[in-house]
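What follows is each chain in one-letter form.
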Amino acid sequence: MSGQKEYSVPSRFPSSNRKFKLKTLSQFEESQINRNQELEHQLKMVSKQNEKLNSLNQYLQTTLNKRNEVIFEERQLYKTKQIVSPQKSNSTSKRQSQQFHSRKNSMPYFTQTSRLQYVGEEYFRLNQVLEINISDEEAISYFENDPNIKFVRQLDEDTFVQIAEEQNIKKLLQIHDHILKLQNFLKEMFEAILKFKKIIKASYQMNQQAQLNDAINCIVDQTQQLMNCERATCYIVDETKGEIWSRVAQGLNSIIRMPIDKGVAGFVAFRKESVNIPNAYADDRFNRESDLINHFKTQSILAAPIIGDNNQCLGVLQCLNKNQGVFTNEDSAYLKYICNFSKTVLNHSLNQNQVESTQNKLRHVIKYFLDIVQIEDPWKIISITERVLKKIMNCEEARLVLKINGSVYYIKHGIQSEISEFLGIFKKVIDTQCNESTLNNNSNPFFDPTLDIDTQMPVITMSINKNSAFQVLNLKGVNKKQSQQSHSAFVSGLELEMLEYIRSILLIKLK
C-alpha cells in the first residue's frame, strides 16, 4: 500500500527461521500442557483407588473382628453345653453363659490382638538347646523347667475333669493356651530335625572332597542352600601372611584377600566368635568397599568361625542376605554346626594340600641336585640356588655367597658383585658355624647392608662351610607366639628340613 510505512524487525536470523522456531516452541508448550493434564488425571485415579482400598481394608478388618468374636462365642457356648449335665435346664445354661460374658472382659489374659493369648512366664527357646556348647544336662533342664511342660505334666485326668465340671473358663483357656504353645514348640522341633537331616547329608558330601578348592566349593554351596541366603563365602585363615582369603564367593570367580583385622570376616577370625548383623551398613565392622567391587548390596550378615582341634581358627563361614527376613538365633546355631562339620573337611583338605606342597618342594630339591652337579660356573650356582630357595620358602628374596680364590661372589638386585671378605650376619654365621634366625633382619646388631638381605622381615641364615652361606626370607616366622616371646623367628620343621637338603647338596658340590 502506497500511503503506509513498512517497518522491519532487525534480527540475525532469517524471517522464515524465526517463524519456524516460534511454531516449534508453541507445539512444545502444548505438548507439555497435555502431558501435565494427563499426569493430573492419573494422579486423581490413583488417589481414588487408594481411597477404595482403604475403605475395603477397614471393611475386611471389621468383618474379621466380628467373625473372630462369633467363633469365640460359639465355641464357648459349645463347651458350656458339653459340660452342663442333662438335668440342668436351658435357663441355667443361659444364665451361666451370661455370667461368663459379663466376666470375660475383666480376665487378665485377654488382649486386643488375640482373645486366646496368655501372658505368662518366659518360655523355653529352641536356640537354647541348639547352642553347640551346651551340655545335655543343661538342655534337659531348660526343657523340663518350661512352664508349658510343667503345667501339662501336672494336669492329670482327675484334675482336668474337675476343672471341666466346675466350668472354670479361665483355667480351661489357660489349658488351651499351653497346648497351643506346645504345638508350636513341636513344630519348631520337627523343623529342626529336618534341618539337621539336611546338615548331616551335606556333611557326607563335604567329606568326599579331598582337594582344598573342591572342599571350599562344596562348603559354600551347601551353606548357601542350608541357610537360605543369597550368597555364602568360606574364608581360609593364613597366619603366615596375616590375612584371610577365599577362592570362592558364590556369584564371583575372583580370589578374595583381606587383612585378618579388616571386615566382618576378619573380626570373626580374630575374635573367634560368631556375629549376626541385621543391617550391614549400620555396623562399623562392615567393609563397604567389597560391595562396590563385587557390585552387590549387602543387607544382613551371619558369620561364624571354623575352629580346629587345637583352638586354632581355620576359616570363617559367612552368609549374606537371608532370602526371607533376617538371620535368627536359630540360624546362628545351625551355622555353628555347619562350621563344626566343615572343620573336618578343611583339616583333611589342608593336610592334603600340605602333602602336595611337600611333594613339590622335594621335586625342586631333586631337580636342583641334578642340575647343579654338572655346573662349575659360580654365578650359575648362585643363580640356580637362589631360585630354588625362593620356591621352597615361597618368598621373593634369597641370597647365596661363595668365597672363591680370595673373593666373595654374590648377586644383589640382579647385579653380579665381588668383595674381599664376608660382612655382617654372613660373617658371624661363617665364623661360628651356627645358624641364625631373626625376627627383623635390619635390627640384628651384626646386620650389614652390603651382603645381608635388607628387610624387616624374619630371615634364616645358614652356613654351608667356611667359604659359603645363604640367607632366605622366612615368612612363617611372622605372627607366631614363639617369635613374639623372643628375638628369634619361628622356623617350620618342614622348611628347615628342606633347607638342610639344599645345604647338604651344596656341601657336596663345594667340597
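For clarity, every value in this text was computed on a predicted model and none was experimentally measured.

(A) Structural context of unusual backbone geometry. The phi dihedral of N394 is positive, around 55 degrees, even though this residue is not glycine. Its location among the elements puts N394 in the loop between α12 (378-393) and β7 (398-404). The backbone of Q433 shows a phi angle near 55 degrees, a positive value even though the residue is not glycine. Within the secondary structure, Q433 sits in the loop between α13 (424-432) and β10 (436-438).

(B) Structural view of helix α9 (residues 263-271). The buried count for α9 comes to 7 of 9 residues, which makes it a mostly enclosed element. Buried within α9 we find G263, V264, A265, G266, F267, V268 and A269. Close packing links the buried residues of α9 with β1 (229-238), β2 (243-246), β3 (256-259), β4 (275-277), β5 (301-307) and β6 (313-322). One or two steps after α9, the chain reaches K272, where phi turns positive at roughly 60 degrees.

(C) How the structure looks around the packing of aromatic side chains. The final tally for this structure, using the stated rule, is 4 aromatic pairs. With 5.7 Å between their ring centres and 75 degrees between their planes, F196 and Y334 make a pair best called edge-to-face. With F196 in helix α7 (residues 169-207) and Y334 in helix α11 (residues 329-372), the pair connects residues that are 138 residues apart, well separated along the chain. Residue classification places F196 among the partly exposed residues on the basis of a relative accessible area of 22%. Residues F196 and Y337 carry aromatic rings whose centres are separated by 5.0 Å and whose planes lie at 90 degrees to one another, so their mutual orientation is edge-to-face. Of the two residues, F196 is situated in helix α7 and Y337 in helix α11; the sequence distance between them amounts to 141 residues.

(D) Focus on the sheet that holds β6. Read across the open sheet, the 6 strands follow the order β3-β2-β1-β6-β5-β4; overall the sheet is antiparallel. Edge positions in the sheet fall to β3 and β4, since each of these pairs with one other strand and no more. Within this sheet the neighbouring strands show an average axis-to-axis angle of 20 degrees, counted without direction. As defined by bridge partners, β2 adjoins β3 across 4 bridges and the pair is classed as antiparallel. When the bridges of β3 are listed, S246 appears paired with I256.

(E) Examining the confidence of the model for the protein more closely. Averaged over every residue, the pLDDT of the protein is 77; the share at 70 or more is 76%. Within the model, pLDDT remains below 50 along residues 1-13, and this stretch shows 2 contacts once partners closer than five positions in the same chain are excluded. Low confidence marks residues 479-487, where pLDDT is under 50. Its contacts with residues over four positions away, or in another chain, come to 18 contacts.

(F) Expanded view of the environment of P278. By the secondary structure assignment, P278 is in the loop between β4 and α10 (289-294). Along the backbone, P278 and N321 are 43 residues apart, and their C-alpha atoms lie at a distance of 8.9 Å. Those residues within four positions of P278 in sequence are excluded, and the remaining contacts are Q299, S300 and V326.

(G) Here's a closer look at the sheet that holds strand β12 (residues 468-473). Spatial ordering of the open sheet is given by β9-β8-β7-β12-β11-β10, a layout of 6 strands whose pairing is antiparallel. Of all the strands in the sheet, just β9 (415-419) and β10 have a single pairing partner and so form its edges. In this sheet, neighbouring strand axes are inclined to one another by 15 degrees on average, regardless of whether the strands run parallel or antiparallel. Summarising the sheet, strand β8 (residues 407-412) and β9 pair through 5 bridges and their orientation is antiparallel.

(H) Inspection of the packing of α12 against helix α15 (residues 493-509) at higher detail. Interaxial distance between α12 and α15 falls to 10 Å at its minimum, and their mutual angle equals 165 degrees. Here α12 lies roughly antiparallel to α15, going by the angle between them. The element α12 and its partner α15 pack so that their crossing is right-handed. Residues I381, T385, V388, L389, I392 and M393 of α12 pack against E495, M498, L499, I502, L506 and K509 of α15. Within the contact of α12 with α15, the residues separate by chemical class into 9 nonpolar, 1 polar and 2 charged.

(I) Inspection of the nonpolar core at higher detail. Residues Y368, L400, F470, V472, L499, I502 and L506 are the most contacted members of the largest nonpolar core, which totals 32 residues. Residue assignment for this core shows that the elements contributing at least two residues are α11, α12, β7, β8, β11 (459-465), β12 and α15. Per-element accounting of this core gives the leading share, 8 residues, to α12. Apart from residues no more than four positions distant in its own chain, Y368 is found in contact with I384, T385, V388, I502, I505 and L506. Within the second largest apolar cluster, 30 residues are counted, among which are L212, I216, L314 and C339.

(J) Layout of the packing of α7 against helix α8 (residues 212-227). Interaxial distance between α7 and α8 falls to 10 Å at its minimum, and their mutual angle equals 170 degrees. In terms of orientation, α7 and α8 fall into the roughly antiparallel class. Of the residues in α8, those touching α7 at K195, K198, I199, A202, Q205 and M206 are C218, I219, Q222 and L226. A class-by-class count of the residues in the contact of α7 with α8 yields 6 nonpolar, 2 polar and 2 charged.

Procedures and definitions
Residues numbered from 1 in each chain as written. Predicted model: local features only at pLDDT ≥ 70, side-chain atom pairs only at ≥ 80, totals over all residues. Heavy atoms only, no water. Helix = DSSP H or I, 4+ residues; strand = E, 2+ residues; numbered from the N terminus. Buried < 20%, exposed > 50% of the residue type's maximum accessible area, 1.4 Å probe, protein only. Contact = heavy atoms within 4.5 Å. Phe/Tyr/Trp six-rings, centres within 6.5 Å; stacked < 30°, edge-to-face > 60°. Pairing = 2+ DSSP bridges. Axes fitted to C-alpha atoms, helices over the stretch in contact; angles between N-to-C directions. pLDDT = per-residue confidence, 0-100. Parallel < 35°, antiparallel > 145°, perpendicular 65-115°, else oblique. Left-handed = near helix turned anticlockwise from the far one by under 90°. Nonpolar A, V, L, I, M, F, W, Y, C, P; charged D, E, K, R; others polar. Core = buried A, V, L, I, M, F, W, Y, C linked by side-chain atoms within 4.5 Å.

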